[in-house]
Amino acid sequence: MAKHEEVKNGVIFPAGEKNPFSQFFVGQSYLKGLVADPKVNVGVGNVTFEPGCRNNWHIHHDGFQILLVTGGEGWYQEEGKPAQFLKAGDVIVTHDGVKHWHGATKDSWFVHIAITAGKPEWLEPVDDETYSKL
């Protein structure tokens, strides 16, 4: 059994449906949009990652991303820097133009709220060799 399996059905917010951006992920993730006001120019979503799931490297242009970790265990990495281990209560701020990725550890579910402004540019997947060394 995977660690933190209790978070797969939601911690604070429901896990949501299968992520419609799944082509930019290795493994399965789920997304529950939390703000649906067209007058608000910031996306807010609850993202749940199955063990081993991670998104591709990506960049936010003309914006930023804030991750509020609510459950499980995960990783965050900016290009050229070591990966950071994440757990509930951690907060990550990614500034405009910074190449990065985030996702679950190999053996744990992982949940974060993503607050995102700007336009994402999706890049290459995090290769298995790099990920398996974490």
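Since the structure is predicted, the reported quantities are computational estimates derived from the model, not experimental observations.

1. Some thoughts on the pairing of strand 8 (residues 91–94)
Then step 1. Covered by surrounding structure in strand 8 are Ile 92 and Thr 94 only, the residues Val 91 and Val 93 on the alternate face being uncovered.
Then step 2. Across 4 bridges, the pairing between strand 6 (residues 58–78) and strand 8 is antiparallel. Across the sheet, residue Ile 66 finds its bridge partner in strand 8, namely Val 93.

2. Let's talk about the UniProt feature "domain: Cupin type-2" (unreviewed entry) in the protein chain
Then step 1. UniProt tags residues 47–108 as "domain: Cupin type-2" (unreviewed entry).
Then step 2. The span residues 47–108 carries 0% helix and 63% strand; its end-to-end C-alpha distance comes to 14 Å.

3. Describing a nonpolar patch on the surface
Then step 1. A cluster of nonpolar side chains, Val 11, Ile 12 and Phe 13, forms an exposed patch at the surface whose accessible area comes to about 260 Å².
Then step 2. On the secondary structure map, Val 11 appears in the segment before strand 1 (17–18).

4. A word on the packing of aromatic side chains
Then step 1. Evaluation of the coordinates by the stated rule reveals 6 aromatic pairs.
Then step 2. Judged by centre distance (5.5 Å) and plane angle (40°), the ring pair of Phe 49 and Phe 110 falls under tilted. Note that Phe 49 is positioned in strand 4 (residues 43–49) and Phe 110 in strand 10 (residues 110–122), a separation of 61 residues in sequence. In this structure, Phe 49 and Phe 110 share a single accessibility class: buried.
Then step 3. Plain terms: the ring middles of Trp 75 and Phe 85 are 5.7 Å apart, the flat faces sit at 75° to each other, and that makes the pair edge-to-face. Of this pair, Trp 75 sits in strand 6 while Phe 85 sits in strand 7 (residues 84–87); the two residues are 10 residues apart in sequence, bridging distant segments of the chain.
Then step 4. A relative accessible area of 41% places Phe 85 in the partly exposed class.
Then step 5. Put simply, the rings of Phe 24, Phe 25, Phe 49, Phe 110 and Trp 122 pair up and form one aromatic cluster.
Then step 6. One Lys or Arg, Arg 54, reaches over the ring of Tyr 131 and ends 4.1 Å from the middle of that ring.

5. Description of the nonpolar core
When a protein is soluble and globular, its nonpolar side chains tend to lie buried together.
Then step 1. In this structure, Phe 25, Val 47, Phe 49, Cys 53, Leu 67, Val 69, Tyr 76, Leu 86, Ile 92, Ala 104, Phe 110 and Ala 114 together form the largest nonpolar core, which totals 12 residues.
Then step 2. If we skip the residues at most four places from it in the chain, Ala 114 touches Gly 43, Val 44, Gly 45, Val 47, Gln 65, Ile 66 and Leu 67.

6. Concerning the environment of Ala 104
Then step 1. The residue Ala 104 is located in strand 9 (residues 100–104) in this model.
Then step 2. By relative accessible area, which is 0% here, Ala 104 ends up buried.
Then step 3. Separated by 11 residues in the primary sequence, Ala 104 and Ile 115 have C-alpha atoms spaced 18 Å apart.

7. Quick look at the pattern of salt bridges
Then step 1. Going through the model one piece at a time under the given rule, you end up with 9 salt bridges.
Then step 2. Lys 3 is paired through a salt bridge with Glu 73; the nearest N and O atoms lie 2.9 Å apart. Here Lys 3 is found in the segment before strand 1, whereas its partner Glu 73 is found in strand 6, with 70 residues between them in sequence.
Then step 3. When its relative accessible area of 15% is taken as the criterion, Glu 73 is described as buried.

Cut-offs applied
Residues numbered from 1 in each chain as written. Predicted model: local features only at pLDDT ≥ 70, side-chain atom pairs only at ≥ 80, totals over all residues. Heavy atoms only, no water. Buried < 20%, exposed > 50% of the residue type's maximum accessible area, 1.4 Å probe, protein only. Helix = DSSP H or I, 4+ residues; strand = E, 2+ residues; numbered from the N terminus. Pairing = 2+ DSSP bridges. UniProt positions renumbered as here; feature names shortened; annotations may be inferred. Patch = residues over 30% accessible without salt bridge, like charges linked within 9 Å, V, L, I, M, F, W, Y side chains within 5 Å. Areas by Shrake-Rupley, 256 points an atom, 1.4 Å probe, with all protein chains shown as cover. Salt bridge = Lys/Arg side-chain N within 4 Å of Asp/Glu carboxyl O. Phe/Tyr/Trp six-rings, centres within 6.5 Å; stacked < 30°, edge-to-face > 60°. Lys NZ or Arg CZ within 6 Å of the ring centre and 35° of its normal. Core = buried A, V, L, I, M, F, W, Y, C linked by side-chain atoms within 4.5 Å. Contact = heavy atoms within 4.5 Å.

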